[in-house]
Amino acid sequence: MRLAPDSDFVTNVLGIVDSIPAGRVMTYGDVAAVLGSRGARVVGQIMAHYGADVPWWRVIRAGGHPPVAHEARALPHYRAEGTPLVLASTAAAGYRVDYAVARWSPS
DNA sequence: CTGTTGACGCCGG
DNA sequence: GCCGGCGCCAACA
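Just so you know, the residues in each chain are numbered from 1, in the order the chain's sequence is written. To label them, take the chains in the order written and letter them from A, then take the ligands in the order written and number them from 1. In view of the model being predicted, local features appear only for residues whose pLDDT reaches at least 70, and side-chain atom pairs are presented and counted only at 80 or more, with totals across whole chains, interfaces and linings using the full set of residues.

Further remarks concern the overall build of chain A. Elements are defined by DSSP. Helices are runs of H or I of four residues or more, strands are runs of E of two residues or more, and each kind is numbered from the N terminus. A count of helical and extended segments in chain A gives five helices and four strands. In chain A, the succession of α and β elements from N to C terminus is α-β-α-α-β-α-β-β-α. Considered along the principal axes of its C-alpha atoms, chain A spans approximately 40 × 30 × 25 Å. Exposure classification rests on a simple neighbour count of other C-beta atoms within 10 Å of a residue's own: a residue reaching 20 or more is buried, one at 12 or fewer is exposed, and one in between is partly exposed. C-beta atoms are placed from the backbone. Per-residue burial for chain A yields a buried fraction of 23% across its 107 residues.

Dropping the structure here:
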């Protein structure tokens, strides 16, 4: 039951994500806000099915964590793009994006 | 129109 | 600072 690939909502979301410059990130909630909606979940759904064509790793959760099942997959991208990261005290705890610095707002 | 499903967000404990 | 619960929005059966 995925969202309509030809829907404006999907097109807008993918467009916004694609407009995020390297080294910057946006939360699902921010992307949804730009669309005038608070459907942060919907944005996640779109990313899950159609995010393959956009830099999905630049879209993170409000807490600064990458998608729950993709943190390891996104890390190399962040390192390559120079995205501000905050390594956890313990290596096992993983890492999180320095949202305060890497935050990006489309103009 | 109602129910179900999420790569989510915020608040309270 | 971590964990759990409730709320939101869009699309499909």
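Being near a molecule or strand means, for a residue, that its C-beta atom, positioned from the backbone, comes within 6 Å of it. The environment of DNA strand C is made up of Met1, Arg2, Leu3, Ala4, Ser7, Phe9, Ser37, Arg38, Gly39, Arg41 and Val42. Residues belonging to the surface near DNA strand C are distributed by class as follows: five nonpolar, three polar and three charged. Three classes are used, and their members are as follows: Ala, Val, Leu, Ile, Met, Phe, Trp, Tyr, Cys and Pro are nonpolar, Asp, Glu, Lys and Arg are charged, and the others, Gly among them, are polar.

Next up on the list: the nonpolar core. Among the nonpolar cores identified, the biggest contains 20 residues, and Val13, Val17, Val25, Val31, Val43 and Val59 are the most heavily contacted of them. Every element with two or more residues in this core is listed here: helix H1 (8–19), helix H2 (28–34), helix H3 (40–50), strand S2 (59–60) and helix H4 (71–81). By the convention adopted here, residues make contact when the C-beta atoms placed from their backbones lie within 7 Å. Leaving out residues up to four positions away in the same chain, Val31 has contacts with Val13, Ile16, Val17, Met26, Val43 and Val59. Residues of type Ala, Val, Leu, Ile, Met, Phe, Trp, Tyr and Cys that are buried and joined through C-beta atoms within 7 Å form what is called a nonpolar core.

Near DNA strand B lie 17 residues; those nearest to it are Gly44, Ala48, Trp56, Arg61 and Pro67. A class-by-class count of the residues in the surface near DNA strand B yields nine nonpolar, six polar and two charged.

Close contact between H1 and H3 brings their axes to 10 Å; oriented N to C, the two are set at 80°. Classified by the angle their axes make, H1 and H3 are roughly perpendicular. Contacts from Val10, Val13 and Leu14 in H1 reach Val43, Ile46 and Tyr50 in H3. Residues belonging to the contact of H1 with H3 are distributed by class as follows: six nonpolar, no polar and no charged. Angular values range over 0 to 180 degrees, each being the angle between N-to-C directions of two axes fitted as lines to C-alpha atoms, with helices fitted over their stretch in contact. Orientation labels follow simple angle bins: below 35 degrees gives roughly parallel, above 145 gives roughly antiparallel, 65 to 115 gives roughly perpendicular, and whatever is left gives oblique.

Bringing the environment of Ala100 into the picture now. Mapped onto the fold, Ala100 is located in helix H5 (residues 99–102). For Ala100, a count of 9 C-beta atoms within 10 Å gives the class exposed. Along the backbone, Ala100 and Leu75 are 25 residues apart, and their C-alpha atoms lie at a distance of 18 Å.

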